[in-house]
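A closer look at the structure
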There are 2 protein chains.
Amino acid sequence: MAERGRGWARAVRGLLLDVSGVLYDSGAGGGVPIAGSVEAVRRIKASGLKLQLCTNETQATRESFVRKLRAMGFDISVAQVTAPAPAACHLLRERGLRPHLLVHDDLVPEFAEINKTNPNCVVLGDAAENFTYANLNEAFRLLIGMEKPVLISLGKGRYYKETDGLKLDVGAYMKALEYACDVQAEVVGKPAKRLFESALAELGVPPEQAIMIGDDIVNDVGGAQQCGMRALQVRTGKYR
Amino acid sequence: MAERGRGWARAVRGLLLDVSGVLYDSGAGGGVPIAGSVEAVRRIKASGLKLQLCTNETQATRESFVRKLRAMGFDISVAQVTAPAPAACHLLRERGLRPHLLVHDDLVPEFAEINKTNPNCVVLGDAAENFTYANLNEAFRLLIGMEKPVLISLGKGRYYKETDGLKLDVGAYMKALEYACDVQAEVVGKPAKRLFESALAELGVPPEQAIMIGDDIVNDVGGAQQCGMRALQVRTGKYR
């Protein structure tokens, strides 16, 4: 048993970490680190393991996200963050799609280079306070007015934990628009394979030598396993 | 063919009418009657056919709803309106449920007699401007905190038409909460059988002698047919 345990650990060369609920609890003022997590990241890096953050964070650009993490004491660079918005931009360019954005104000700069005139799709992120009745109706009207509605969602999480309590995540609003328009969203964030594969490519580590660590049994654990990785669920964040 | 047509019409003793999209288009300032509808209601009543409005309207009490219709010229009384909120109150009492209400301000008086302390269920109506990010999170937190979440929805419509355009209906928000909490809502409004049966009981007409007229293929036409009624879809309102 001990032998097998050591063998299992020896084969690991890279770690993929979810961020919200694993390294910190998000919330007003940027959130707070989870006890021990700053030290854990320091020790992972010191151990020689490769480290990549694989997040569905869509409330900020990677640059400002990393600034926030560094201010909390995490030694992380922008290149160490894999997130849905850049993956969505790649997909929009590939297919000549011009998005109407229903996203957090702070995420908008990630789409600066994308043509957004005369939209032929809707991109949905965790818009938080931008999830207003008026904004949801606007996104709905654009979709229902398209000959073939295209809804791209930067994740499909049900909810997440902030310092002041649980919040509905982008997946809930995705379901609302899916139902109203009778369409199925294309999900770009976790648990979609593409995001995990991007993160592994950044690490330069094959899936069987990587472990995903997250607090979401579907997005983190299920998604990683479907890519051939092992995964661990932590009991912080949204774990209940 | 003409003979069969007359036979079909002779067997009809009662009409159930949907209201929004059939008699008027709702919107700012209360909405506007659809051309010819005031005269149509007058002629139905003059013909001796029994008439009942069967609506998923949850933005007002029946009293204020009828005031609005009368102001538009429709000769309708409160007893001629079958709506989801009274049906929901019946169900809440039956099962000892204490609701948290996420409904339109103007609907709240329908629940005046219901104990709402220490909620053990959520009742969802077309809350319109009350569908804020904060209110949705609050309803979600209450539900997810219940040992067995109970979500009662006053309808499951996808969208409806107001004078300033299409709006997401209660069904979209129902789907958001269903997904986030992994529960299935109990729908009290159309197309649920109970509402049609109440309307038929008011008319005192069996289903095979009644016709439902509406603009929604699922809520109006499908729901009525499941109760053994015939149904007609008008090409006004949300018809596309």
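What you are looking at is a predicted structure, and each value in this text was computed from that prediction instead of being measured.

This part covers the pattern of salt bridges. Side chains carrying opposite charge are able to pair once their charged atoms draw close together. With the rule as written, the count across this model stands at 22 salt bridges over all chains. Across the pair A:Lys190 and A:Asp18 runs a salt bridge whose closest N-O atoms are separated by 3.0 Å. Of the two residues, A:Lys190 is situated in the loop between strand 11 (186-187) and helix 7 (193-203) and A:Asp18 in the loop between strand 1 (14-17) and strand 2 (24-25); the sequence distance between them amounts to 172 residues. Grouping residues by exposure puts A:Lys190 and A:Asp18 together as buried. Note that B:Arg70 and B:Asp75 form a salt bridge whose closest N and O atoms lie 3.6 Å from each other. Overall, B:Arg70 belongs to the partly exposed group, its relative accessible area being 46%. A single network of salt bridges, built from pairs that share partners, joins A:Asp18, A:Lys190 and A:Asp220.

Here we come to the sheet that holds strand 13 (residues 230-233) of chain B. All names here are of chain B. An order of 5-4-1-12-13 is seen for the five strands of this open sheet, with the pairing classed as parallel. Two strands close off the open sheet at either side, each with one partner strand: strand 5 (81-82) and strand 13. Pairing of strand 4 (residues 50-54) with strand 5 involves two bridges; the strand directions are parallel. Looking at the pairing, Cys 54 lines up with Thr 82 of strand 5.

Here we take up the sheet that holds strand 6 (residues 99-102) of chain B. Residues and elements named next belong to chain B. Here we have four strands laid out as an open sheet, ordered 6-7-8-11, and parallel in their pairing. Where the open sheet ends on each side, the last strands, each with one partner, are strand 6 and strand 11 (186-187). Pairing between strand 6 and strand 7 (residues 121-124): four bridges, direction parallel. By the bridge assignment for strand 7, Pro 99 is matched with Cys 121. Sheet strands in contact with helix 5 (residues 133-144) are strand 6, strand 7 and strand 8 (151-153), and its direction is about 160 degrees off that of strand 6.

As a further point, take the domain arrangement of chain A. All names here are of chain A. Taken domain by domain, chain A comprises domain 1 (14-56 + 190-233) and domain 2 (88-187). Its C-alpha centre places domain 1 at a distance of 24 Å from the equivalent point of domain 2. Interface area, domain 1 with domain 2, both sides summed: about 840 Å², of which 45% is carbon and sulfur. On the domain 1 side of the contact with domain 2, Asp 25, Ser 26 and Arg 194 bury the most area, a combined 41% of that side's loss. Counting the contacts that link domain 1 with domain 2 gives one salt bridge. The salt bridge partner of Glu 94 is Arg 194, with a shortest N-O separation of 3.9 Å.

Another point: the interface of chain A and chain B. Contacts between chain A and chain B engage 29 residues on the former and 29 residues on the latter. Taken over both partners, the interface formed by chain A and chain B buries close to 2800 Å², and the fraction arising from carbon and sulfur atoms is 62%. The largest per-residue losses of area from chain A upon contact with chain B belong to A:Tyr133, A:Leu168 and A:Tyr179, which jointly make up 31% of the total buried on that side. Taken together, the connections running from chain A to chain B amount to zero salt bridges. Summed over the shared surface of chain A and chain B, the result is eight residue pairs in polar contact (both at pLDDT 80 or more). When contributions to the side of chain A that touches chain B are tallied by element, the ones reaching two or more residues are helix 5 (133-144), strand 9 (159-162), strand 10 (165-168) and helix 6 (170-181) of chain A.

Cut-offs used in this document
Residues numbered from 1 in each chain as written. Chains lettered and ligands numbered in written order. Predicted model: local features only at pLDDT ≥ 70, side-chain atom pairs only at ≥ 80, totals over all residues. Heavy atoms only, no water. Salt bridge = Lys/Arg side-chain N within 4 Å of Asp/Glu carboxyl O. Helix = DSSP H or I, 4+ residues; strand = E, 2+ residues; numbered from the N terminus. Buried < 20%, exposed > 50% of the residue type's maximum accessible area, 1.4 Å probe, protein only. Pairing = 2+ DSSP bridges. Contact = heavy atoms within 4.5 Å. Axes fitted to C-alpha atoms, helices over the stretch in contact; angles between N-to-C directions. Domains from an automatic or database assignment. Buried area = accessible area lost by both parts, 1.4 Å probe. Polar contact = N/O pair within 3.5 Å; in protein donor to acceptor, adjacent residues only side chain to side chain.

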